[in-house]
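# Commentary on secondary and tertiary structure
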Amino acid sequence: MTISRDHRFGPGAGGVLRRPLLAGLALLAVACQQQPEASHAQGAVEDQVAFIDALRAREFRVEILGNVEQPFLGAAGTRVEVSGPGLEEPAELQLFQYESPGAAADDAGSLGPGGAPAGVHVNWMGPPHFFRAGRLLALYVGADPVALTLLRELLGEEVAGAG
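What counts, and where the lines are drawn
Residues numbered from 1 in each chain as written. Predicted model: local features only at pLDDT ≥ 70, side-chain atom pairs only at ≥ 80, totals over all residues. Heavy atoms only, no water. Helix = DSSP H or I, 4+ residues; strand = E, 2+ residues; numbered from the N terminus. Buried < 20%, exposed > 50% of the residue type's maximum accessible area, 1.4 Å probe, protein only. Contact = heavy atoms within 4.5 Å. Areas by Shrake-Rupley, 256 points an atom, 1.4 Å probe, with all protein chains shown as cover. Core = buried A, V, L, I, M, F, W, Y, C linked by side-chain atoms within 4.5 Å. Pairing = 2+ DSSP bridges. Axes fitted to C-alpha atoms, helices over the stretch in contact; angles between N-to-C directions. Parallel < 35°, antiparallel > 145°, perpendicular 65-115°, else oblique. Left-handed = near helix turned anticlockwise from the far one by under 90°.

### A short note on the overall build of the chain
- Helix and strand content of the chain: 4 helices and 6 strands.
- The order of helices and strands in the chain, counted from the N terminus, is α-α-β-β-β-α-β-β-α-β.
- Looking at the chain as a whole, 36% of its 163 residues are labelled buried.
- At a minimum sequence separation of 6, the contacts of the chain that also span at least 24 residues come to 54%.
- A total of about 9900 Å² of accessible surface is found on the chain, and carbon and sulfur atoms cover 54% of it.

So, in structure tokens, the structure goes:
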């Protein structure tokens, strides 16, 4: 039996298919390299989808409850209920997604320590906490320390509210 070093990859190829095949294998090797897991630490969450994904990645259950509006905010919102590890009870959040990070920052900047713009009074059912990351402004009304820690870890420090 004779072993030839000329391994052809097609009828009479003589190397014609070798380059595309090798290039394809190289691309496949690059594509299959393990990508680093996306970090959802402060600054990595930019919108509602990334925020919900980050919650679920931490084993929290997220249920979409419906739409919500706050008359002093410039974006429509979504009510979600978050339950999971360490929470005293499910936490209801209001998530407002803006067209741009600047628009979210403008609305966040208009909010005072009471969680509303100057001259507006809101009777919250508990202490309001606003967090912003990218195009997302999140409102949590409550005092669960686990919920507040989770929001700080994913969205950064509180931008308005009870502090």
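### Re the nonpolar core
- One finds Phe 51, Leu 55, Val 82, Leu 93, Leu 95 and Leu 155 to be the most contacted residues of the largest nonpolar core, which totals 25 residues.
- Among the secondary structure elements, those contributing two or more residues to this core are helix H2 (48-57), strand E2 (77-83), strand E3 (91-97), strand E4 (128-133), strand E5 (136-141) and helix H4 (145-155).
- The leading source of residues in this core is H4, at 6 residues.
- Leu 95 has contacts with Gln 48, Phe 51, Ile 52, Ala 76, Gly 77, Thr 78, Val 80, Leu 136, Leu 137 and Ala 138, leaving out every residue within four places of it along the chain.

### A look at the pairing of E4
- Of all 6 residues in E4, 5 are buried, a share of seventy percent or more.
- Taken together, E4 and the strand that follows it, E5, pair antiparallel across an intervening segment of 2 residues, in which Gly 134 is found at a positive phi of about 60°.
- As paired elements, E4 and strand E6 (residues 158-161) share 3 bridges and run antiparallel to each other. Along E6, the bridge assignment pairs His 129 with Gly 161.

### Some remarks on the packing of H2 against H4
- Between H2 and H4, the least distance of the axes is 11 Å, while the angle of their chain directions is 125°. Judged by the angle between their axes, H2 and H4 are oblique. Considering only the axes of H2 and H4, their crossing is right-handed. In contact with Phe 51, Ala 54 and Leu 55 of H2, H4 contributes Leu 150, Leu 151, Leu 154 and Leu 155.

Purely geometric stuff here, so don't read any function into it on its own.
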